[in-house]
There are 2 protein chains.
Amino acid sequence: MAGIILAEAAAIYDGKQATQTQSYGPEARGGASRSEVVISDGEIDHPEVLSPDVVVTLSQEAYQKFAKSVKAGGLLIVDEDRVQTSGDFNGIKIPVARIAHETTGRAITANTVALGVLVGLTNLVSREAIEKAVTARAPKGTEEMNRKALQAGFAEAEHVKAAV
Amino acid sequence: MAGIILAEAAAIYDGKQATQTQSYGPEARGGASRSEVVISDGEIDHPEVLSPDVVVTLSQEAYQKFAKSVKAGGLLIVDEDRVQTSGDFNGIKIPVARIAHETTGRAITANTVALGVLVGLTNLVSREAIEKAVTARAPKGTEEMNRKALQAGFAEAEHVKAAV
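Each value, and the rule that gives it
Residues numbered from 1 in each chain as written. Chains lettered and ligands numbered in written order. Predicted model: local features only at pLDDT ≥ 70, side-chain atom pairs only at ≥ 80, totals over all residues. Heavy atoms only, no water. Helix = DSSP H or I, 4+ residues; strand = E, 2+ residues; numbered from the N terminus. Rg over C-alpha atoms; globule rule 2.2 N^0.38 Å. Buried < 20%, exposed > 50% of the residue type's maximum accessible area, 1.4 Å probe, protein only. Contact = heavy atoms within 4.5 Å. Areas by Shrake-Rupley, 256 points an atom, 1.4 Å probe, with all protein chains shown as cover. Lys, Arg positive; Asp, Glu negative; His and termini not counted. Charge placed at Lys NZ, Arg CZ, Asp CG, Glu CD. Least-squares fit on C-alpha atoms with pLDDT ≥ 70 in both. Phe/Tyr/Trp six-rings, centres within 6.5 Å; stacked < 30°, edge-to-face > 60°. Lys NZ or Arg CZ within 6 Å of the ring centre and 35° of its normal. Core = buried A, V, L, I, M, F, W, Y, C linked by side-chain atoms within 4.5 Å. Pairing = 2+ DSSP bridges. Axes fitted to C-alpha atoms, helices over the stretch in contact; angles between N-to-C directions. Buried area = accessible area lost by both parts, 1.4 Å probe. Parallel < 35°, antiparallel > 145°, perpendicular 65-115°, else oblique. Left-handed = near helix turned anticlockwise from the far one by under 90°. Nonpolar A, V, L, I, M, F, W, Y, C, P; charged D, E, K, R; others polar.

Caption draft 1: Layout of the overall build of chain A. The helix and strand tally for chain A stands at six helices and five strands. Going from N to C terminus, chain A has its helices and strands arranged as α-β-β-β-α-β-β-α-α-α-α. Relative to its length of 164 residues, chain A is compact, with a C-alpha radius of gyration of 15 Å against a globular reference of 15 Å. Based on the C-alpha atoms only, the size of chain A along its principal axes is roughly 40 × 40 × 40 Å. Residue burial in chain A is summarised as follows: out of 164 residues, 47% are buried. Within chain A, contacts between residues at least 6 apart in sequence are counted, and of these 48% link residues at least 24 apart. With the model as given, the accessible surface of chain A reaches about 8,300 Å², and the carbon-plus-sulfur share is 48%. Charge separation in chain A, taken as the distance between the mean sites of 17 positive and 21 negative side-chain charges, equals 5 Å.

Caption draft 2: Just the relation of the copies chain B and chain A, in detail. Superposition record for chain B on chain A: RMSD 0.0 Å, screw rotation 180 degrees, translation along axis 0.0 Å. The two molecules are tied by a two-fold rotation axis, judged by turn and shift. Nearest to the rotation axis, the C-alpha of B:Thr21 is located 2.0 Å from it, this being the minimum over chain B.

Caption draft 3: Representation of the packing of aromatic side chains. Residues and elements named next belong to chain A. One pass over the full model with this rule turns up two aromatic pairs over all chains. Ring plane angle 55 degrees and centroid distance 6.3 Å describe the contact between Tyr 63 and Phe 89, whose orientation is recorded as tilted. Here Tyr 63 is found in helix 2 (residues 60-66), whereas its partner Phe 89 is found in the loop between strand 4 (75-79) and strand 5 (92-94), with 26 residues between them in sequence. Tyr 63 gets classed as buried once you look at its relative accessible area, which sits at 7%. Its end group placed over the ring of Phe 154, Arg 127 keeps NZ or CZ at 4.5 Å from the ring centre.

Caption draft 4: Summary view of the nonpolar core. Among the nonpolar cores identified, the biggest contains 66 residues, and A:Ile130 and B:Ile130 are the most heavily contacted of them. Excluding residues that lie within four positions of it along the chain, B:Ile130 makes contacts with B:Ile5, B:Leu6, B:Ala9, B:Leu115, B:Val119, B:Val125, B:Leu150 and B:Phe154.

Caption draft 5: Inspection of the sheet that holds strand 3 (residues 54-57) of chain A at higher detail. Residue and element names in this part refer to chain A. The sheet built from three strands is open, its strands ordered 3-4-5 with parallel pairing. If you trace the sheet from one side to the other, it starts and ends with strand 3 and strand 5, each paired once. Direction aside, the axes of adjacent strands within the sheet are offset by 20 degrees on average. Alignment of strand 3 against strand 4, held across four bridges, turns out to be parallel. Within the sheet, the bridge partner assigned to Val 56 lies in strand 4 and is Ile 77.

Caption draft 6: Fine view of the environment of B:Glu43. Tracing the sequence through the fold places B:Glu43 in the loop between strand 2 (34-40) and strand 3 (54-57). Between the C-alpha atoms of B:Glu43 and B:Ser33, which are ten residues apart in sequence, the distance is 26 Å.

Caption draft 7: Main features of the interface of chain B and chain A. Of the residues lining the interface, 25 residues belong to chain B; the matching set on chain A comes to 25 residues. Surface buried jointly by chain B and chain A totals about 2,000 Å² across both partners, of which 53% is contributed by carbon and sulfur atoms. For the side of chain B that touches chain A, the secondary-structure elements that each account for two or more residues are helix 1 (2-13) and strand 1 (17-24) of chain B. Looking at the side of chain B that touches chain A element by element, the count peaks at eight residues for strand 1 of chain B.

Caption draft 8: Spotlight on unusual backbone geometry. Non-glycine residue A:Asn123 carries a positive phi angle of around 50 degrees. For A:Asn123, the location among the structural elements is in the loop between helix 4 (110-122) and helix 5 (127-137).

Caption draft 9: Spotlight on the packing of helix 4 (residues 110-122) of chain B against helix 6 (residues 143-163) of chain B. Residue and element names in this part refer to chain B. Orientation of helix 4 relative to helix 6, taken along the N-to-C sense of each, is 40 degrees, at an axis distance of 7 Å. On the basis of the axis angle, helix 4 is oblique to helix 6. The handedness of the crossing between helix 4 and helix 6 is right-handed. Between helix 4 and helix 6, the contacting residues are Thr 112, Val 113, Leu 115, Gly 116, Val 117, Val 119, Gly 120 and Leu 121 on the first element and Asn 146, Ala 149, Leu 150, Gly 153, Phe 154, Glu 156, Ala 157, Glu 158, Val 160 and Lys 161 on the second. Classifying every residue of the contact of helix 4 with helix 6 gives ten nonpolar, five polar and three charged.

Caption draft 10: The sheet that holds strand 3 of chain B, seen in detail. Residues and elements named next belong to chain B. Overall, parallel pairing links the three strands, which are arranged 3-4-5 in an open sheet. Strands at the two margins of the open sheet, each flanked by one partner only, are strand 3 and strand 5 (92-94). This sheet shows a mean twist of 20 degrees between the axes of neighbouring strands, independent of strand direction. Inspection of the sheet shows strand 4 (residues 75-79) paired to strand 5 by three bridges, in the parallel sense. Bridge pairing links Ile 77 to Ile 92 in strand 5.

Listed below in structure tokens is the structure:
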């Protein structure tokens, strides 16, 4: 769903082109699911992502499967508490789930926090666009909670940038 | 969302592999949006669909853009009331939106009716799997309405098959 929201932010609110691909295998129930998003100013010929500019992994399984696909010089973001990184780790550790818990008390908002961190660090889409897209997709009654989670993600991104 | 539900039915409930790709352009807001689903017993190398086995178009714009992509001998399903077909039309016309309206009174359930028609005609996934996937994704309080819409789609598929 975070991938869909990112693609919608780009296409509906920022006027770009976007594709979003979800892959499901036998591990779909609770395991590592993957979403790939392509954002472009022009037409997108191939929705397939070979070496992503940015990879976000929020679980150990996702880290092991997908972290190495990030392109050289790309950005790798991992959940600090949930991912045991390898020796050659070259990315940014963010306590995504912990921020979600402290901000909203709801684990499910970790994805929204991650979107805030991602957009705050990369400006892949505008903050206005991601906020509109998150609000439009938030289940009724959870809009404010998700806005707070997103803002907490933005704040954490600023914190990281200030520290670099 | 119908594409996501179909992919989840295949992967989570039928134990297959699946990918689902959504494409968004400047037309994303209210225009023709497109979802591509690949279902396989084995691993899926490319989520990109070049010539689909089945194409479902529920609007004129979608028909004009995507109907011709269906592979030779493939199945094309269109909304009978919403699509003006061309002279060389070779597919199945189903009053999807009308069935949704008559069954639930809610236009938004047309996508669920379409899933019922699609699965009823093709058995791409099992009826049990699509019913579980629809129910799991239905907004709270709309589960029964969506189950009815799905059943109406199944019934229409039987009707079509009996007539062939």
